Amino acid sequence: MIRIIMGELGKVWQGKAFWIIIAIAIAINLGYMQFSEQISIGLLKEQEISEEAPSFAYKNFDQQLAKAKNRCQFIEDYYTEVQGLLLVERVQNYQASESELSAKMAEGLMQEKKDEYNRYFQKWKDKDYRLYTDNLNTESIFAKEMYKKYSLEKDYNAYLNEIFEQEEEKLGVSIFADNAKDSFSETVIRKTSKKYQGMKGTKTNFYSFRWLEKISANEMADILIVLVIFIIAMYLVFEDKKKNLFSIIKATPCGRGRCITAKIFTLAVSTVFVTFIMYLFMMIYIGWNFGLSGIYESIQSAGLFISCPYHFKVWQFLQISIFIKSMAFIIIALFVFLISMLSANYMIPFGIGMLMVIGNVLLYEMFTSVGKYNVFHYLNIWSFIKAEKLIGNYSLLNIAGMPVSATFMANILIVMFLTALILANVFVFVKVKRMPEYSKKIKLNIPGIRLCKRGKVSTKLVSYEAFKIYRISGCAVMVGLFVFGMVVSGAKSNCYLSPNQESYRIQMTELQGKMTDEKEKVVLEKKQYYDDVLEQLRILEEKYEEGKVAQETYENKKLSLESKLALYPAFLRVQERYEYVKNHKDARFVYEDGYNKMIGKMDDWYVDMIFMIAMVLVIMQSVIFTLDRERGMEGLIRATPKGRNISSLYKVGIGSINAVILYFSFMCRNIYVADKFYGLGLWNVSISNLKGFEILPEFLPIILCVALFGMVQLLIVIAFSILVMFVSRKIGSAVWAIVIQLIVVVGIYVLYFSKHII
């Protein structure tokens, strides 16, 4: 038995591909973490202030905090000092400005906070202070974050007492309202209170725990692990199917029970190893950048998991989370392994496996962690993978009218899934006599169910090539999934318009079209309104400076006037378009945000969608030319009269059709979303009416320019699709072609964002 297990392990572990794929996954994960961190920090060329502190700030802060004798005093002093230094710097910046208004604001700040300014001025001047970040503005954001965290987490027992008080209040309301002691809501309240009663006396120590938040928030590692175990599970099956070894293995004395046991053991061990190695390297990266301060403290010390009802240290919490993740990944691996045995083509288990994972992710996201249907949120595979959130809180599910712990039910369900899938794999391997051979036809060999009949295939070469590409390789499934994804994405899309964006949309929608006296009157009246408000504000500033207005009156009137200017930036955009239309004879008012959103000019979401199309094309097109080679048919096909150029031409044509379908569904989705949230009108007016396109000829209508823009992009997508097909043909193996080209695509995507980073 040990020799069989070692043989199965050797199939996976001794091959270079296994280690290369793991190395690629680790590199992608670490690269993703590095660039996503820098993007989230906001180190863009046009941005002066970082919205989030860099990693070294958290690391250095935790190190200094660990040395402090009185942490409360340390944080209080640090926060107060940063705010004082920031006050001095703001005053100095105002004074350095040549603006009269800035000088007045500097004087007002100095008078309002004179003592604080005098206390920290000399320290600011001598630079006698330490920053954890790069500048005082970012330091202020960081200090506020640390102070807020500490305020919430400094007294865990007070947090518990607050829970008990709230529960008692709810219990009283529940009793008087329902007048039923055994109601479900009352049982939940009592059980929750009892659970947290056991947490009394838990000692906590404050740290930033940013490193723990980063680990919990990183979903890329989980996605990559899923992809790697897909490859391992399919490899253990199709490697034997390619060599027609299944029938031979089953004929040997130990070829059934022991063989499937060895394969399941190999699959489980490999899955656990991949999970461990991915999280090990992630921990090393996180530790190097953020530090691992507080790893031996109780998990309740971390604000993100302060609601955890278990006596875990942080390192124990991580171990248990990774263990539960490993079990969830094994469930996915066993499912893919089972489908692989019942199918003839690797696209079938890959497609069904992805549907299963995506379906569970949708359940997890669609249903919240609280409410009547939270059972769907917690009892699914993706919830098991996000184990840190599962055990980091205490949630009760309504199971047959009884409140049951979500963690307990999840553990029961994991055991049930593992048992059922192991038994199912053993049964199929031992009892199913004939399994589909590799790449002969695309079907699932489920006893009693014939999902797909092999119909008559057309003798025409183009029809036969289409049959191979869409049915045998499963490209039809990928195309269908992508189109369905675009439909769902468009239907479920949402968009937040800021007050100024909404105001601009309303004003421009009303003004759209030719300039009229009525429209001009509306714009000029609004301009006069804002000019009056600005003049009132200027007069108020002068009176306050001369001492004619009391400070309280000044502040109240100033606040009232500034509130009237809240939507002034939106009007400035309208005024800019008004000036353009007024100075150009045939110009029109056109609300341009919808068109900018449609072509990706407003933000980077368009690039993300193009990146997704590229990834789907790599997966689909890489099998078009490699399918014949992997089936051993390439030599025979090339020997026929039409087996070289004409056959290749048909393959390229079908691949191009794939690209057209993907891009067309993508553009339809964009048009729908842009029209839904912004509105698209006046397609027939000149493109020069849109801001940023004024230099284009006036005879070009918007619809023609959008069509030309789409055609150019479509040609680029088709060219990329053809390139993928011929590169995969040179590589020869579909799996290696997909892996290598995905690395290139991801690399280009990362380089695109790296250009925005200093």
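Note that this is a predicted model, so its numbers are computed, not measured.

A. Main features of the overall build of the protein. Scanning the protein from terminus to terminus reveals 31 helices and four strands. Sorting the 758 residues of the protein into buried and exposed places 46% on the buried side. By element, 62% of the accessible surface of the protein is carried by carbon and sulfur atoms, the whole surface being about 39,000 Å².

B. Main features of helix α7 (residues 136-153). With 18 residues, α7 extends 25 Å from end C-alpha to end C-alpha; this agrees with the ideal 26 Å at 1.5 Å per step. When α7 is considered as a whole, its buried residues turn out to be L136, T138, E139, S140, F142, A143, M146, K149, Y150 and E153.

C. Main features of the confidence of the model for the protein. Across the protein, the average pLDDT comes to 77, with 82% of residues at or above 70. When mean pLDDT is compared element by element in the protein, helix α14 (residues 314-342) scores highest at 92, while strand β4 (residues 449-450) scores lowest at 46. Across residues 175-181, where pLDDT falls below 50, the model places eight contacts with residues more than four positions away in sequence or in other chains.

D. View of the packing of aromatic side chains. Summed over the entire model, instances satisfying the criterion amount to 29 aromatic pairs. Pairing W13 with W19 gives two aromatic rings, centres 6.1 Å apart and planes at 85°, and the pair type is edge-to-face. Taken together, the aromatic side chains of Y58, F61, F74, Y78, Y132, F142 and F290 make up a single cluster linked through ring pairs. Of note, K59 hangs over the ring of W288, and the distance from its end group to the ring centre comes to 5.7 Å. Residue placement shows R71 over the ring face of Y207; its charged tip is 4.5 Å from the ring centre.

E. Structural view of the environment of I399. Structurally, the position occupied by I399 is in strand β1 (residues 396-399). Among the residues examined, I399 registers a relative accessible area of 26% and is labelled partly exposed. With residues near it in sequence (within four places) discarded, I399 still touches V375, V404 and M409.

F. Just unusual backbone geometry, in detail. The backbone of F209 shows a phi angle near 50°, a positive value even though the residue is not glycine. As for its position among the elements, F209 is in the loop between α9 (184-197) and α10 (210-217). Assessed through its relative accessible area of 2%, F209 is described here as buried.

G. Summary view of the pattern of salt bridges. Inspection of every chain in the model, using the stated rule, returns 10 salt bridges. The residue E213 makes a salt bridge to K149 at a minimum N-O spacing of 2.9 Å. Here K149 lies in helix α7 and E213 lies in helix α10, a separation of 64 residues in the sequence. A residue is classified by how much of its surface remains accessible, and E213, at 18% relative accessible area, is buried. K527 is the salt-bridge partner of D531, the closest N and O atoms lying 3.1 Å from each other. Taken together, the positions of D531 and K527, both in helix α23 (residues 517-546) and four residues apart, correspond to about one turn of that helix. In this structure D531 comes out as partly exposed when scored by relative accessible area, which is 28%. A relative accessible area of 29% places K527 in the partly exposed class.

H. View of the nonpolar core. Of all hydrophobic cores here, the largest spans 132 residues; its most connected members are F61, F142, W211, L212, F230, M278 and I332. Ranked by residues supplied to this core, first place goes to α14 with 17 residues. Beyond its immediate chain neighbours, meaning those up to four positions away, W211 contacts M283, I286, F290, G291, L292, S293, I295, V314 and L318.

I. Region of interest: the pairing of strand β2 (residues 402-405). Where β1 meets β2, four bridges bridge the pair, whose relative direction is antiparallel. Opposite N398, over in β2, you have P403 as the bridge partner. In sequence, β1 turns back onto β2 through a hairpin of two residues, with A400 there showing a positive phi of about 55°.

J. Focus on the side chain of S298. Along the chain, S298 falls in the loop between α13 (257-290) and α14. For S298, the side chain forms a polar contact with the main-chain oxygen of K203, separated by 2.7 Å. Here S298 is in contact with T202, K203, T204, F312, K313 and V314, once residues within four sequence places are set aside.

K. Summary view of helix α3 (residues 55-67). Here α3 is 13 residues long and its end C-alpha atoms lie 19 Å apart, about the 18 Å a rise of 1.5 Å per residue gives. Taken as a whole, α3 has its buried residues at S55, A57, Y58, F61, D62 and L65. One face of α3 carries all of its buried residues, which in axial projection span an arc of 160°.

L. Region of the structure containing a nonpolar patch on the surface. On the surface, F276, L280, F281 and I284 cluster together into a nonpolar patch covering about 370 Å² of accessible area. Along the polypeptide, F281 turns up in helix α13.

M. Focus on the packing of α3 against α13. Interaxial distance between α3 and α13 falls to 7 Å at its minimum, and their mutual angle equals 75°. Of the possible angle classes, the one that applies to α3 and α13 is roughly perpendicular. When α3 is examined against α13, the residues S55, F56, Y58 and K59 are found in contact with a partner set consisting of G287, W288, N289 and F290. Class assignment for the residues of the contact of α3 with α13 results in four nonpolar, three polar and one charged.

N. Expanded view of the environment of V82. Residue position: V82 is located in helix α4 (residues 71-96). For V82, a relative accessible area of 2% corresponds to the buried category. Here the alpha-carbon distance between V82 and A143, two residues 61 residues apart in the chain, equals 7.1 Å. Ignoring any residue separated from it by four or fewer positions in sequence, one finds V82 in contact with E139, S140 and A143.

O. View of the packing of helix α11 (residues 220-242) against helix α15 (residues 347-366). At a minimum axis separation of 11 Å, α11 and α15 run at an interaxial angle of 145°. As for how α11 packs across α15, the hand of that crossing is right-handed. Here V226, L227, F230, M234 and F238 of α11 lie close against α15, whose contacting residues are P349, F350, G353, M354 and V357. Of the residues assigned to the contact of α11 with α15, the class counts are nine nonpolar, one polar and no charged.

P. The side chain of T407, seen in detail. When you line up the elements, T407 lands in helix α19 (residues 406-431). The class for T407 is buried, based on a relative accessible area of 9%. Among the polar contacts made by the side chain of T407, one reaches the main-chain carbonyl oxygen of L390 at a distance of 3.3 Å.

What counts and what doesn't
- The residue numbering used here restarts from 1 in each chain and proceeds along that chain's sequence as written.
- In keeping with the predicted nature of the model, local features appear solely for residues at pLDDT of at least 70, side-chain atom pairs appear and are counted solely at 80 or more, and the whole-chain, interface and lining totals rest on all residues.
- Excluding hydrogens and water, the side-chain values take into account all heavy atoms of the structure.
- Segments assigned H or I by DSSP are reported as helices when at least four residues long, segments assigned E as strands when at least two residues long, and all are numbered from the N terminus.
- Partly exposed describes any residue whose relative accessible area lies between the buried limit of under 20% and the exposed limit of over 50%, with all areas from a 1.4 Å probe on protein chains only and scaled to the type maximum.
- Each accessible area is a Shrake-Rupley result for a 1.4 Å probe, and residues are judged covered by the shown protein chains and nothing else.
- Expected helix span is computed as 1.5 Å times (number of residues minus one).
- Each residue carries a pLDDT value, the predictor's own confidence for that position, ranging from 0 to 100.
- Whether two residues touch is decided by their heavy atoms; if any such pair falls within 4.5 Å, the residues are in contact.
- Pairing of aromatic rings covers Phe, Tyr and Trp, the last through its six-membered ring, and needs centres within 6.5 Å; plane angles under 30 degrees mean stacked, over 60 mean edge-to-face, and all others mean tilted.
- In this scheme, the term charge over a ring applies when either NZ of a lysine or CZ of an arginine sits within 6 Å of the ring centre and within 35 degrees of the ring normal.
- Note on definitions: salt bridges are taken to be side-chain nitrogens of Lys or Arg within 4 Å of carboxyl oxygens of Asp or Glu.
- The set of buried Ala, Val, Leu, Ile, Met, Phe, Trp, Tyr and Cys residues whose side-chain atoms join them within 4.5 Å is what this entry labels a nonpolar core.
- At least two DSSP bridges between two strands are required for those strands to pair.
- Polar contact is the term for a pair of N or O atoms within 3.5 Å; when the atoms are in protein, one must be able to donate a hydrogen and the other to accept it, and sequence-neighboring residues count only if both atoms are side-chain atoms.
- The arc in question is the one traced by the directions running from the helix axis out to the C-beta atoms.
- Only residues whose relative accessible area exceeds 30% and that form no salt bridge enter a patch; like-charged residues are grouped when within 9 Å of one another, and nonpolar side chains (Val, Leu, Ile, Met, Phe, Trp, Tyr) when within 5 Å.
- Each axis is a line fitted through C-alpha atoms, taken for helices only over the stretch in contact, and angles between the N-to-C directions span 0 to 180 degrees.
- Each angle is binned into one of four classes, with values under 35 degrees roughly parallel, values over 145 roughly antiparallel, values of 65 to 115 roughly perpendicular, and all other values oblique.
- In this count, Pro and Cys sit with the nonpolar residues alongside Ala, Val, Leu, Ile, Met, Phe, Trp and Tyr, while Asp, Glu, Lys and Arg are called charged and the others, Gly among them, polar.
- Left-handed describes a crossing whose near helix is turned anticlockwise from the far helix by less than a right angle; the clockwise case is right-handed.

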